[in-house]
Structures are given as C-alpha cells and as structure tokens.
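# Architecture at a glance
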Amino acid sequence: MLETPGGILAVSFQPILRFAPSPNGPLHLGHAYSALFTWQAATLLGGVALLRIEDIDIDRSKPEFDAAIQADLAWLGLDWPEPVMRQSQRFPAYEQAANALRRLDIVYPCFCSRADIAARSSAGDPDGAPLYPGTCRHLPADEAETRLARGDAVQYRLDMGKATAMTGSLTYSVIGPTVLDRPQIRYARPERWGDFVLQRKGTPTSYHLSVVVDDAAQHITHVTRGRDMEASTDIHVLLQFLLNLDTPYYSFHRLILDAEGRKLSKSKGSPSLASLRDAGWTPQDVRTYLGF
Ligand code: GLU
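As a convention, each chain's residues are numbered from 1 in the sequence order in which they are written. Reporting of local features is limited, given that this is a predicted model, to residues whose pLDDT is at least 70; pairs of side-chain atoms are given and counted only at 80 or more, and all residues count toward the totals for whole chains, interfaces and linings. For side-chain calculations, the full set of non-hydrogen atoms in the structure is used, while hydrogens and water are omitted.

### Looking at the overall build of the chain
For the purposes of this entry, the term helix denotes a DSSP run of H or I that reaches at least four residues, the term strand denotes a run of E that reaches at least two, and both are numbered from the N terminus. On a plain count of helices and strands, the chain comes out with ten helices and twelve strands. Taken over C-alpha atoms, the radius of gyration is set against a globule rule of 2.2 Å times the number of residues to the power 0.38. For a compact globule of 292 residues, the expected C-alpha radius of gyration is about 19 Å, and the chain comes in at 21 Å, within 12% of that figure. When the backbone C-alpha atoms are referred to their principal axes, the chain occupies close to 60 × 60 × 35 Å. Looking at the chain as a whole, 46% of its 292 residues are labelled buried. In this description, contact between two residues means that some pair of their heavy atoms is separated by no more than 4.5 Å. Pairs at least 24 apart in sequence give 77% of the contacts found in the chain among residues at least 6 apart. Methods summary: accessible areas were calculated by the Shrake-Rupley approach with a probe of 1.4 Å, and residue burial reflects only the protein chains presented. Total accessible area computed for the chain in this model is approximately 14900 Å², and 53% of it derives from carbon and sulfur atoms. Charge counting follows a simple rule: Lys and Arg are positive, Asp and Glu are negative, and His as well as the terminal groups are ignored. We put the charge of a Lys on NZ, of an Arg on CZ, of an Asp on CG and of a Glu on CD. On the chain, the mean spot of the 30 positive side-chain charges and the mean spot of the 33 negative ones are 3 Å from each other. Only protein chains enter the accessibility calculation, which uses a 1.4 Å probe. A residue is then buried if its area is under 20% of the maximum for its type, exposed if over 50%, and partly exposed in between.

Next comes the structure, spelled out in structure tokens:
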C-alpha cells in the first residue's frame, strides 16, 4: 500500500501468470505456443510468469518429463522464479478444499464405472464425454457406507444442481485476443458439465480442484490457456465462488493444429520440441514459426 502525494492510497498490483504443463510427455509446438503466449502476456502486463508442474496423475507423470520441460523452456529463452510448485506436493491442500465443499453438503460418493455411465447417459458434456446421469446422487447413506467399507472404487462428485442453487448466476472476465484488450464479462455455464468428479480413489483431487486451489495459492491474476480449456473454466469459476477464492482474468489463445487440422498431441505423433531441436531448429525458428 502506498501513500501518494495527493493523499490517495494506491495498492501495488503485480500481474502473476502461470504456465502449467503436465509432465506426462515431451512438450510439442502447442505447449511452446502456450508458454510463449504466457511469457509475452506477462511482459505486456509488466508482471511475472510462473512455472507450475501439474503432476497429480502419479502413474503418468515422470521426473524425466519434468526435467525435460524445464530444459525445453530454458532453451526457448524463458525463465521463472524458483521454487516451482508441484501439485504432487499439495494433496493436503486439495483435501482441505474438498472438505470445505463437503461441509456445504454438495459432494457425494459415486460407484459407477465408465461403462455404467456410458450405458445410462443420454447427453454429452462440452468435451464430448457422456454426461453423468446422476445414478448415485441419492444413494442411501447406509448403502454408500457399506460400499466404502468393502473398498469399492469410489469417485466423489459435486452435486451441480445444489451447487448452482447456492451460487446463482456467475460471471467472469475474459480478455483477448491479447491480454491488453478490454475485459468482456461472460456468464459461466457450469451446469453443462453435470456432476463432475472432484476426487477419485487413489488421486484425492482432480484437475479442476487442484487448478483452482493453486491459482489462488499462487495469486494468479491472469490465467492464459488454450481455447480447448475455455469450457472447463465454467467449473473453475463455480469452485472459486464456493471456496471463496478470487476469480482471475482469463485469456484463451488459439491452438496449434497439425496438417489435418487436429490439435497437436503426443498420442497423434506430434513432433516434440526436443526432436525439432535435434533436427536443427533454433529457438528463434520456433518463435518465428509460432508467430512470436
Ligand atoms: N495442466 C493442464 C494441461 O497441461 C493445463 C492447465 C491450465 O491451463 O489450467 O493441459
């Protein structure tokens, strides 16, 4: 807090952004675009970009991918403050947030398999997955306890109907195409995701829960992410309200597509940054190719 000559109090405000890759494969040009967009946005805003490693998926996350991410970003000429936050170190914080939601009585155990859900679902969520049909929403408490006691695979879901009845309509601010554009107010539509999974056995969190808890813990002011994550922002805005956390500004950038118009991905054989580097690409070649 600063006292200005006119006697007006001014709050110093440093924009904080983040690049949050999951270390379950090598970075490709899509990740490079997202990283360069984030660091450029931080520069335009006079702020800082953090690196956060989203390694909640213990089976798929590998330390060698974590190290390779840092090497690739450094090769691109990007740097970030240490220490780097790693989500695998933060399970107690996620558990605490999930318990805060439990106290609102909007979380319930679900024992459905993927096949059960696919068989009963009659609609899709924005990602095209079968919308949860609500099978376990009103499971009697004693039945749930019996199944938990015998160790059945469980997921904890958020009761979307109850949650949205608590929040009413929610809005958030979207900035784009550049982070210097004027914010546009948008309504969040979390109900289109149905009762999404908050925690599952073996992973006491989910992408949605951890991203919201960590964006708040790191005081992120601007979330820059690809357009493929635009719809899931609805869930994040809902969780921020329920957990009493600030909602940052959001900016959704374009996706880098392959020759067939598909989003780049490791599973579709998109070349890694490391393989481009080995083939003689320079960091400047990557920047030029991606328009930076
Ligand atoms: N960890 C997510 C990913 O690698 C992105 C996180 C986010 O921008 O919210 O796709």
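The structure having been displayed, the exposition proceeds.
### Regarding the sheet that holds strand E7 (residues 155–158)
What makes two strands pair is DSSP finding at least two bridges between them. Read across the open sheet, the three strands follow the order E6-E7-E10; overall the sheet is antiparallel. Every interior strand has two partners, whereas the edge strands, strand E6 (107–110) and strand E10 (197–200), have only one. The sheet shows a mean angle of 30 degrees between the axes of neighbouring strands, direction not considered. When E6 meets E7, the two strands line up antiparallel, connected through four bridges. Looking at E7, one finds that Pro109 is bridged to Tyr156. Helix axes are fitted to C-alpha atoms over the stretch in contact, other axes to C-alpha atoms as well, and angles between N-to-C directions run from 0 to 180 degrees. Strands in contact with helix H3 (residues 91–103) are E6, E7 and E10; relative to E10, the strand with the most contacts, it is inclined by about 125 degrees.

### Quick look at the side chain of Thr38
The residue Thr38 is located in helix H1 (residues 29–45) in this model. There is a polar contact of 2.8 Å between the side chain of Thr38 and the backbone oxygen of Ser34. N or O atoms within 3.5 Å of each other form a polar contact, as long as, within protein, one can give a hydrogen and the other can take it, and as long as residues adjacent in sequence are counted only when both atoms are side-chain atoms. Of the polar contacts made by the side chain of Thr38, one reaches the side chain of Thr224; its length is 2.8 Å. Apart from the residues within four sequence positions on either side, Thr38 is in contact with Leu17, Arg18, Phe19, Ala49 and Thr224.

### Observations concerning the packing of helix H7 (residues 207–217) against helix H8 (residues 233–242)
Two elements in contact, H7 and H8, have axes whose closest approach is 9 Å; the angle formed by their N-to-C orientations is 60 degrees. Comparing their axes, H8 and H7 come out oblique. Once H7 is placed against H8, the crossing between them reads as right-handed. On the side of H7, the interface is formed by Tyr207, His208, Leu209, Val211 and Val212, while H8 contributes Ile235, His236, Leu239 and Gln240. Put simply, Ala, Val, Leu, Ile, Met, Phe, Trp, Tyr, Cys and Pro go in the nonpolar bin, Asp, Glu, Lys and Arg in the charged bin, and everything else, Gly too, in the polar bin. When grouped by side-chain class, the residues that make up the contact of H7 with H8 number six nonpolar, three polar and no charged. Oblique is the label for every angle not falling under 35 degrees (roughly parallel), over 145 degrees (roughly antiparallel), or within 65 to 115 degrees (roughly perpendicular). If you view the pair so one helix is near and one far, a crossing is left-handed when the near helix is turned anticlockwise from the far one by less than a right angle, and right-handed when it is turned clockwise.

### So, the side chain of Ser61
As for its position among the elements, Ser61 is in the loop between strand E4 (48–53) and helix H2 (63–75). Of the residues examined, Ser61 reaches a relative accessible area of 13% and is grouped as buried. Once you skip the residues sitting within four places of it in the chain, Ser61 turns out to touch Pro23, Asn24 and Asp55.

### As for the sheet that holds strand E3 (residues 16–19)
Taken in spatial order, the three strands make up an open sheet running E3-E4-E5, and their pairing is parallel. The outermost strands of the open sheet, each flanked by one partner alone, are E3 and strand E5 (85–86). Where E3 meets E4, four bridges bridge the pair, whose relative direction is parallel. Looking at the pairing, Phe19 lines up with Leu51 of E4. Packed on one face of the sheet, H2 meets E3, E4 and E5 and runs near 160 degrees to E4. Against the sheet, H7 makes contact with E3, E4 and E5, and its axis sits at roughly 145 degrees relative to E4, the strand it touches most.

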